[in-house]
Amino acid sequence: MSFMNQSVIIKKPVEEVFKMATDFNNSPEIMETVIDVQLLSEGPVTEGYRFQETREIRGRKARSIIEVTDFDPNRKYSVRSHQHGLDLRYHYEFVQTSEGTRVDFQGELYTEGFRNKLMKPLIKQIIKKEDQDHLQHLKKFIESSS
């Protein structure tokens, strides 16, 4: 179930936007709470590619393994993190327009267990607070580079 939907126009060609968005080493520049990324897979990003992301949230460090679950170069990709009964999925689509590249984002959250189901509204709020501006950060990062 989608709980976050956003779009942004980045004034760069789709190939450049997609390449920078899927270079997960850029995550600390794009997502405010991400402080470190460790690549767990070798080679180019494809479906099944994995990396570990470390975030600092309210003074605490939290690590999660993120897996690329869908990958269609210059068109779309999806990632998934599943831990502690929380299944978080982010989907990105890239469309070349006359103004640049439109990036459409959709976030989904699924919960397991009674406690997580009760806490789901609060968990959604926390995730939104952490990631609601990441497309604007992506835009700024890409448009200001090169």
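These figures come from a predicted structure and were not determined experimentally. (Residues numbered from 1 in each chain as written. Predicted model: local features only at pLDDT ≥ 70, side-chain atom pairs only at ≥ 80, totals over all residues. Heavy atoms only, no water.)

Let's hear about the environment of glutamine 96: which residues, and what values?
Position of glutamine 96 relative to the elements: it lies in strand E6 (residues 86–97). Glutamine 96 gets classed as partly exposed once you look at its relative accessible area, which sits at 43%. Glutamine 96 sits 58 residues away from glutamine 38 along the chain, and the two C-alpha atoms are 30 Å apart. With sequence-adjacent residues up to four places away left out, glutamine 96 is seen in contact with Lys12, Pro13, Val14 and Thr101. A distance of 2.7 Å separates a polar atom in the side chain of glutamine 96 from the backbone nitrogen of valine 14. Among the polar contacts listed, one links the side chain of glutamine 96 to the backbone oxygen of glycine 100, at a separation of 3.0 Å. (Helix = DSSP H or I, 4+ residues; strand = E, 2+ residues; numbered from the N terminus. Buried < 20%, exposed > 50% of the residue type's maximum accessible area, 1.4 Å probe, protein only. Contact = heavy atoms within 4.5 Å. Polar contact = N/O pair within 3.5 Å; in protein donor to acceptor, adjacent residues only side chain to side chain.)

Outline the sheet that holds strand E3 (residues 50–57), supporting the account with residue identities and numerical values.
Read across the open sheet, the 7 strands follow the order E1-E7-E6-E5-E4-E3-E2; overall the sheet is antiparallel. Edge strands, defined here as strands with exactly one partner in the open sheet, are strand E1 (2–10) and strand E2 (34–39). If you compare each strand with its neighbour and ignore which way they point, the axes differ by 20° on average. Its contacts with the sheet put helix H1 (residues 14–21) on E1, strand E4 (60–72), strand E5 (76–83), E6 and strand E7 (100–111), and the angle it makes with E6 is roughly 160°. Each of E1, E3, E6 and E7 touches helix H3 (residues 114–131); the most contacted strand, E7, lies at about 155° to it. (Pairing = 2+ DSSP bridges. Axes fitted to C-alpha atoms, helices over the stretch in contact; angles between N-to-C directions.)

Residue-level account of the nonpolar core, with values.
Counting residues in hydrophobic clusters, the biggest one holds 35 residues, and the most contacted among them are Phe24, Tyr77, Tyr90, Tyr92, Phe94, Val103 and Ile127. Here this core gets 5 residues from one element, more than from any other, and that element is H1. When residues no more than four places from it in sequence are discounted, the contact partners of tyrosine 92 are Met31, Arg75, Lys76, Tyr77, Val103, Asp104, Phe105, His134 and Leu135. (Core = buried A, V, L, I, M, F, W, Y, C linked by side-chain atoms within 4.5 Å.)

Describe in detail the side chain of threonine 33, supporting the description with residues and values.
Structurally, threonine 33 can be placed in the loop between helix H2 (27–30) and E2. Taking relative accessible area as the criterion, threonine 33 reaches 16% and is therefore assigned buried. Looking at threonine 33, its side chain comes within polar contact range of the side chain of arginine 55, at 3.1 Å. In this structure threonine 33 touches Thr54, Arg55, Glu56 and Glu130, once residues within four positions along its chain are discounted.

By themselves, these figures tell us nothing about what the structure is for.
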